Amino acid sequence: MKSFLRSHHFYALTAMAVGLVLWHLGHADSAMGAMLIGATLPTKAGAVTLFDIAQGLDPDGKVARTINLLSQTNEMLNDMTWMEGNLPTGHKSTILTGLPVPIWRKLYQGVPPSKATRANVTDSIGMLEARSEVDVDAYKLNGNSAAWRLAESGPFLEAMNQNMAETVLYGDASVNAERFTGFAPRYSSLSAGNGGNIIDAGGSGSNNTSVWLVIWSENTVTGIYPKGSPAGLDHQDLGEYDAFDELNNRYRALGDLWKWKAGVTVRDWRYVVRIANINVSDLLAQTGTQAPTAATALMKLMIQAQTLIPNMGMGRAAFYANRTVKGALSKAALDKSNSAVAIVPATNQFGAVAPGYVQKDTQFFGTPIRTVDRILNTEARIV
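The structure displayed is predicted, hence computed values, not measured ones.

(A) Quick look at the overall build of the chain. On a plain count of helices and strands, the chain comes out with 11 helices and 13 strands. Within the span of the chain, comprising 383 residues, buried residues form 41% of the whole. Long-range pairs, those at least 24 residues apart, make up 74% of the contacts in the chain with a sequence separation of at least 6.

(B) Expanded view of helix H9 (residues 298-308). Taken as a whole, H9 has its buried residues at Leu298, Leu301, Met302, Ala305 and Gln306. Along the long axis of H9, the arc covered by the buried residues comes to 150 degrees, so they all point the same way.

(C) Geometry of the packing of aromatic side chains. By the definition in use, this model includes seven aromatic pairs. For the pair tryptophan 82 and tryptophan 260, a centre-to-centre distance of 6.5 Å together with 40 degrees between the ring planes defines the contact as tilted. A residue pair is termed long-range when its members are at least 10 positions apart, and tryptophan 82 in strand E1 (residues 82-84) and tryptophan 260 in strand E9 (residues 250-266) qualify at 178 residues. For the ring pair phenylalanine 364 and phenylalanine 365, a centre distance of 4.9 Å and an interplane angle of 75 degrees mean the geometry is edge-to-face. Assessed through its relative accessible area of 65%, phenylalanine 365 is described here as exposed.

(D) Just the pairing of strand E7 (residues 221-225), in detail. With five of five residues buried, E7 is to be regarded as a mostly interior element. With burial as the criterion, each face of E7 is covered, one bearing Val221, Gly223 and Tyr225 and the other bearing Thr222 and Ile224. As defined by bridge partners, E1 adjoins E7 across three bridges and the pair is classed as parallel. Its bridge partner lying in E7, tryptophan 82 is registered against glycine 223. In this sheet, E9 lies alongside E7 in antiparallel orientation, the contact comprising four bridges. Bridge pairing links threonine 222 to threonine 265 in E9.

(E) Structural context of the side chain of aspartate 123. Among the structural elements, aspartate 123 can be located in strand E3 (residues 117-124). With relative accessibility at 6%, the residue aspartate 123 sits in the buried group. Within the structure, the side chain of aspartate 123 is placed 3.0 Å from the side chain of arginine 186, a separation counted as a polar contact.

(F) Just a nonpolar patch on the surface, in detail. Together, Val101, Ile103 and Val111 give the surface a local cluster of nonpolar side chains, amounting to about 250 Å² of exposed area. Residue position: isoleucine 103 is located in the loop between strand E2 (90-98) and E3.

(G) Fine view of the environment of valine 121. Position of valine 121 among the secondary structure elements: in strand E3. We classify valine 121 as partly exposed; its relative accessible area is 33%. In contact with valine 121, other than residues within four places in its own chain, are His91, Lys92, Ser93 and Ile95.

(H) Region of interest: the pattern of salt bridges. Under the counting rule described, the total for this entry stands at 11 salt bridges. Measuring nitrogen to oxygen at the nearest pair gives 3.1 Å for the salt bridge that ties glutamate 379 to arginine 274. Of this pair, glutamate 379 sits in the segment after strand E13 (367-371) while arginine 274 sits in strand E10 (residues 272-279); the two residues are 105 residues apart in sequence, bridging distant segments of the chain. A residue is classified by how much of its surface remains accessible, and glutamate 379, at 6% relative accessible area, is buried. Arginine 274 gets classed as buried once you look at its relative accessible area, which sits at 4%. Through salt bridges with shared partners, a single network forms among Glu240, Asp242, Arg250 and Arg252.

(I) Structural view of the nonpolar core. Residues Phe183, Trp212 and Ile275 are the most contacted members of the largest nonpolar core, which totals 55 residues. Not counting residues within four places of it along the chain, the set of residues in contact with phenylalanine 183 comprises Met76, Val168, Leu169, Trp212, Val214, Trp216, Val221, Val264, Val266 and Val272. In this structure, Val136, Tyr139, Trp148 and Leu254 belong to the second largest nonpolar core, which totals six residues.

(J) Main features of unusual backbone geometry. Even without glycine at this site, asparagine 248 takes up a positive phi of about 70 degrees. Along the polypeptide, asparagine 248 turns up in the loop between strand E8 (234-244) and E9. One non-glycine residue with positive phi stands out, namely asparagine 277, at about 60 degrees. The residue asparagine 277 is located in strand E10 in this model. With a relative accessible area of 1%, asparagine 277 lands in the buried category.

(K) The arrangement of the confidence of the model for the chain in detail. Taken over all residues, the pLDDT of the chain has a mean of 78, while the share at 70 or more is 73%. Counting interchain partners and residues more than four positions distant, the pLDDT-below-50 stretch residues 47-70 has 48 contacts. The model gives residues 338-344 a pLDDT under 50, and that stretch makes two contacts with residues more than four places away or in other chains.

What counts, and where the lines are drawn
- Residues numbered from 1 in each chain as written.
- Predicted model: local features only at pLDDT ≥ 70, side-chain atom pairs only at ≥ 80, totals over all residues.
- Heavy atoms only, no water.
- Helix = DSSP H or I, 4+ residues; strand = E, 2+ residues; numbered from the N terminus.
- Buried < 20%, exposed > 50% of the residue type's maximum accessible area, 1.4 Å probe, protein only.
- Contact = heavy atoms within 4.5 Å.
- Arc of directions from axis to C-beta.
- Phe/Tyr/Trp six-rings, centres within 6.5 Å; stacked < 30°, edge-to-face > 60°.
- Pairing = 2+ DSSP bridges.
- Polar contact = N/O pair within 3.5 Å; in protein donor to acceptor, adjacent residues only side chain to side chain.
- Patch = residues over 30% accessible without salt bridge, like charges linked within 9 Å, V, L, I, M, F, W, Y side chains within 5 Å.
- Areas by Shrake-Rupley, 256 points an atom, 1.4 Å probe, with all protein chains shown as cover.
- Salt bridge = Lys/Arg side-chain N within 4 Å of Asp/Glu carboxyl O.
- Core = buried A, V, L, I, M, F, W, Y, C linked by side-chain atoms within 4.5 Å.
- pLDDT = per-residue confidence, 0-100.

What follows is the structure in structure tokens.
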């Protein structure tokens, strides 16, 4: 009995401590709340704490409308076409590498046989995953459990979005075997076989960026997902289960799992053009390699990029640039429109600078310009 009373007394004190923590979180500053949580409820890394829950609540105890200052715009993911791979771990494509050789025949002269030559290319698929785990009792304390859990999924979706966009652009399976290979490693040398589709904008150093022109379709460039699996981002509610703390002791937790199995296959390299070595400093100042009269001025190279595509109607075409580049394009448009009566029509010749989903107004000679924040301004020069 004494043992039971001591145990009961301990849990009562623990509940009181939790109540004091939540009260302090509602009435004290964040530092005090963090100190209380750190002193009272040590947790393993990655676990959702009472402090995390309290930070997501309004003073009235309702789930707060969180302003996500970490959100990005990566509209490339909206444009991508998707195709089921023909392998559980990727997609094997057959690419035409050579044509038969016809000849002009004379009378009584034979014709040697010839044939087309082909090569097989296998593109791999990566598995992007994220997991959330929260103590059941902590989950129940806030009184808005379902709404809080739903709100908690937003940052996970944003993180998955950013990571996928970055991998589509810069992923390299030869460096990180668990990822798939994106565009930049495939278009990384001016002297490579596909070097003709890399346009050099003349920048040097490591403050360069790129603009990409991609024609999306199953026969040109497309996203892929494993054979026999569903496409897109998958969320699993793992329900309640035994979790383990840092001492390997069990506690009951609620878990969520986000999974996205995806890759990219470039079936015809001619339908991707990279305008590389765009010096960001020159672009912003419109001097040097990006002076309006320079042969390497971005607008001129964007025209050149379109001419390199064999057939713009083969799929969904779009330019991809970060917002630094899109702002610079509008400034260049203003300078070119000296006779414009109003500033707005001049600066928005290529469409609105701000990213958005009404893309018909953001174009360059009929091709949409999408915003992709994961395109870096710190790329090294490609040679």
